[in-house]
Amino acid sequence: MIDLHSHTNESDGTFSPEELIAEARRVGVRTLGITDHDTFAGHDQALALAREAGVELVTGIELSTKLHGHSVHLLGYFLNPDGLDEFRGWIVGLQAARRDRNVRLVARLRELGVAITLEEVEARGRGMTGRPHFAQILLEKGYVGSLQQAFDDYLDESAKGYVYRDEPQFADGVAKIRHAGGIASLAHPIRIASGSREDLAAMLPELCGAGLNAIEAYHSDHAPEDTLAYLELAGRYGLSVTGGSDFHGAAKPGIELGSGRGKNLRIPDDLMERLRGDAGAGTLRL
Ligand code: AMP
Ligand code: ZN
Ligand code: FE
Ligand code: FE
């Protein structure tokens, strides 16, 4: 099996890099992309462990970008490990913007009557504290009945607790990934424009114009007909195809590495060959 989208506890997953590699072995994932939010810390720790375990590790990252004011997640793959100093320097700035947001998010939640401190949320999320860590604390303290309710009531873009985070523009994210020798793939397209495929199709010329290489047609949140529609869009716009579970361990219960939600994820075995084929055809640089 192939799974090109997963998170460790170096961002908002709950598995350590070591546990994630063991999980890949256990479930039969032979090619794994660790795509932590705005950090390579999990990937770096997993590199030697993956080699020992016989798991092919794809260098990856998931960036939060802004497109017309909305948050769009962008996956970067196959970044050249030798040329990453500049990119690594750039993501340090993203991490600082995240921390600044977290300070303001704590203040906003306290205004709303939630007893929460920066220290306790950072104890959980360490260097890459994100909203899912806030959600866990809201749940544990009984302010909400589920992680989803924490987002719906407090943390979602449309919720009362939401605070702005300074994120790079989509085109800048694509450019930075490609400059580092990587390819840029649109993560979980179902979350763009509230799932409207017509709106996504209308946006694709702009995204492709920014240099987007691929689209994540296979994802745990996609129904079979969604995946088919994204494959069709990929064909129409000359995009390559990526896929992954978006495994977060206990932070997103019900999603299994490699096989998604109730085995709804069927990533074709030739996905990597196809990606490499696209690279050979000159549409992608790997
Ligand atoms: P952050 O990067 O700290 O802004 O947190 C973003 C993460 O929160 C995303 O990667 C999702 O895992 C999660 N998230 C954002 N919005 C929602 C939502 N409405 N429902 C559930 N999870 C969400
Ligand atoms: Zn995540
Ligand atoms: Fe994402
Ligand atoms: Fe993700």
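Check the entry above for the structure.
Residues numbered from 1 in each chain as written. Chains lettered and ligands numbered in written order. Predicted model: local features only at pLDDT ≥ 70, side-chain atom pairs only at ≥ 80, totals over all residues. Heavy atoms only, no water.

Quick look at the coordination of the zinc ion (ligand 2) now. Every protein donor of the zinc ion (ligand 2) is accounted for by D12 (OD), D12 (OD), H37 (NE2) and H248 (NE2), and the metal-donor separations fall at 1.9 to 2.7 Å. Geometry at the zinc ion (ligand 2) is irregular, judged from the four donor atoms that bind it and their angles of 50 to 158° at the metal. Binding-site remark: the zinc ion (ligand 2) is held by donors from one chain whose sequence spacing is D-x24-H-x210-H. Separating the zinc ion (ligand 2) from the iron ion (ligand 3) is a distance of 5.5 Å. Pair noted here: H37 is in the loop between strand 2 (31-34) and helix 2 (41-53) and H248 is in the loop between strand 7 (240-244) and strand 8 (255-256), with a separation of 211 residues, a long-range link. By relative accessible area, H37 is classed as buried at 9%. Judged by relative accessible area, H248 falls into the buried class, the value being 3%. (Donors = N, O, S within 2.8 Å, 3.2 Å for Na, K, Ca; no water. Tetrahedral: all angles 85-135°; square planar, octahedral: opposite > 155°, others 65-115°. Helix = DSSP H or I, 4+ residues; strand = E, 2+ residues; numbered from the N terminus. Buried < 20%, exposed > 50% of the residue type's maximum accessible area, 1.4 Å probe, protein only.)

This part is about unusual backbone geometry. Non-glycine residue H68 carries a positive phi angle of around 50°. Within the secondary structure, H68 sits in the loop between strand 3 (56-67) and strand 4 (70-77). The phi torsion at H188 lies on the positive side, around 25°, for a residue other than glycine. Its location among the elements puts H188 in the loop between strand 5 (183-186) and helix 8 (197-209).

Between its terminal C-alpha atoms helix 8 stretches 18 Å, which fits the 18 Å expected from 13 residues at 1.5 Å a residue. Those residues of helix 8 lying buried are L200, A201, M203, L204 and L207. Those residues of helix 8 hidden inside the fold are in contact with strand 3, helix 7 (170-179), strand 5, strand 6 (214-219) and helix 9 (224-237). G211 sits one or two positions beyond helix 8 and adopts a positive phi of about 105°. (Expected span 1.5 Å × (residues − 1). Contact = heavy atoms within 4.5 Å.)

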